[in-house]
Amino acid sequence: MADAGRDEISRMVLDAWDGFLAQAETLDLSRDSRLPGWRAHEICVHLGCWEDHQALRDLIASARSGEQGTPPDPDAVNARVTAAHRSASREEVLAALRRSRDATARYLAEEPVELDTALAVSVVGRIPLLSVVLGQAYEIAVHWLDLVSCGAEPPPADVLQSGLAALTDVTGALAADTGITGRVTLATPDGGWGFAADGQGWQVRRVPAGTIDGPAVEGAADLLLEAASGRINPVPAVARRKLKVHDVGGLLQLAPIVQKVPGIPGGPILQLAARTMGGAGGVIGRFFGRG
């Protein structure tokens, strides 16, 4: 997605942030969510920027230094941050969310564009920094869907599409890093996103509505995100024809990504392809632990 330019990435990510913040400000953060043990409070704490947890700052430092460090364990990070701020006030939690949004806006407005393609150590491995920044759109879309169980309005179509674009970009980056030659489309009734990758790199493209060409998973945008994040088991959705898998063999070309990075976004969909072919394996992993 680096080819799309910062203006487009800014629109996708910051619009998602602004919509999420508007919803969070209307909610009772003490309400339980559909995530076991997490209230709306924990969901928002997890996305916030705190003195002891500044994910984007650390990613920028990683990209600048070119470090080869070990990816952090997202579940351990989530447990530490949510425990440390379990008693934070509503005002403190909302302020932490605004700091996260503002840190992203500052990066996109002020940091040199050369950093966009520098590799940063993220929770899924070393991928370009701009792909990680765009990855926020995926995480926000999924957690916005989580907040519906707490009384939030469903995320709008443009936020869901931005989340799918981020999912596609990160998966393409991991495919290229693994040396896989393949392509996948995530198709919705409103259009979707696809990538083509090989050992030299990957390219993301917008896919018009009604276009299914090669390996693809087709369904409503929210359902694709729910399946990709492990919020639902995609197998029953396929049985009910709410999700449709096209060219399963082509999807299975991406299976080595799952072995390399078990927590990748979209891992459950690749596992679905394996299961469709009669293979073993269940729903696994989430991009940022719970999101």
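Here we summarise the structure given alongside this text. (Residues numbered from 1 in each chain as written. Predicted model: local features only at pLDDT ≥ 70, side-chain atom pairs only at ≥ 80, totals over all residues. Heavy atoms only, no water.)

1. With respect to the layout of surface pockets
Over the atoms, a rolling probe the size of a water molecule traces out where space has been left empty. Estimated volume of the largest pocket: approximately 820 Å³. Those elements that provide at least two residues to the lining of the largest pocket are α2 (40–47), α3 (55–65), α4 (74–84), α5 (90–110), β1 (119–122) and α6 (129–147). Looking at the lining of the largest pocket, its residues break down into 18 nonpolar, ten polar and eight charged. (1 Å grid on protein atoms, 1.4 Å probe; cavity = no way out; pocket = protein on both sides within 12 Å on 5 of 7 lines; lining within 4 Å. Points joined across faces, edges and corners; volume = space filled by probe spheres on them. Helix = DSSP H or I, 4+ residues; strand = E, 2+ residues; numbered from the N terminus. Nonpolar A, V, L, I, M, F, W, Y, C, P; charged D, E, K, R; others polar.)

2. Quick notes on the side chain of Asp169
Relative to the helices and strands, Asp169 is located in helix α7 (residues 157–177). The side chain of Asp169 sits in the buried core without any salt bridge; Arg205 is the nearest counter-charge, 11 Å away. For Asp169, the side chain forms a polar contact with the side chain of Ser131, separated by 2.8 Å. Setting aside residues up to four positions removed in sequence, Asp169 forms contacts with Met1, Ser131, Leu134, Trp202 and Val204. (Buried < 20%, exposed > 50% of the residue type's maximum accessible area, 1.4 Å probe, protein only. Lys, Arg positive; Asp, Glu negative; His and termini not counted. Salt bridge = Lys/Arg side-chain N within 4 Å of Asp/Glu carboxyl O. Polar contact = N/O pair within 3.5 Å; in protein donor to acceptor, adjacent residues only side chain to side chain. Contact = heavy atoms within 4.5 Å.)

3. Considerations on unusual backbone geometry
The phi dihedral of Arg241 is positive, around 65°, even though this residue is not glycine. The residue Arg241 is located in the loop between α9 (234–239) and β7 (244–246) in this model. At Asp247, a position not held by glycine, the phi torsion is positive, near 55°. As for its position among the elements, Asp247 is in the loop between β7 and α10 (248–252). By relative accessible area, Asp247 is classed as partly exposed at 43%.

4. Structural notes on the pairing of strand β3 (residues 182–187)
Among the six residues of β3, five are classified as buried, and the element is accordingly described as predominantly covered. Between β3 and strand β4 (residues 192–198), which pair antiparallel in sequence order, lie four residues; one of them, Gly191, sits at a positive phi of approximately 100°. Where β3 meets strand β6 (residues 216–218), three bridges bridge the pair, whose relative direction is parallel. Within the sheet, the bridge partner assigned to Leu186 lies in β6 and is Val217. (Pairing = 2+ DSSP bridges.)

5. Concerning the sheet that holds β6
Strand order in the open sheet formed by five strands is β5-β4-β3-β6-β7, and the pairing between neighbours is mixed. What marks the edges here is a single partner per strand, and that holds for β5 (201–207) and β7. The mean inter-strand angle of the sheet, taken between neighbouring strand axes irrespective of direction, is 15°. Alignment of β4 against β5, held across seven bridges, turns out to be antiparallel. In the sheet register, Gly194 faces β5, and the bridge partner there is Arg205. Its contacts with the sheet put α7 on β3, β4 and β5, and the angle it makes with β4 is roughly 10°. (Axes fitted to C-alpha atoms, helices over the stretch in contact; angles between N-to-C directions.)

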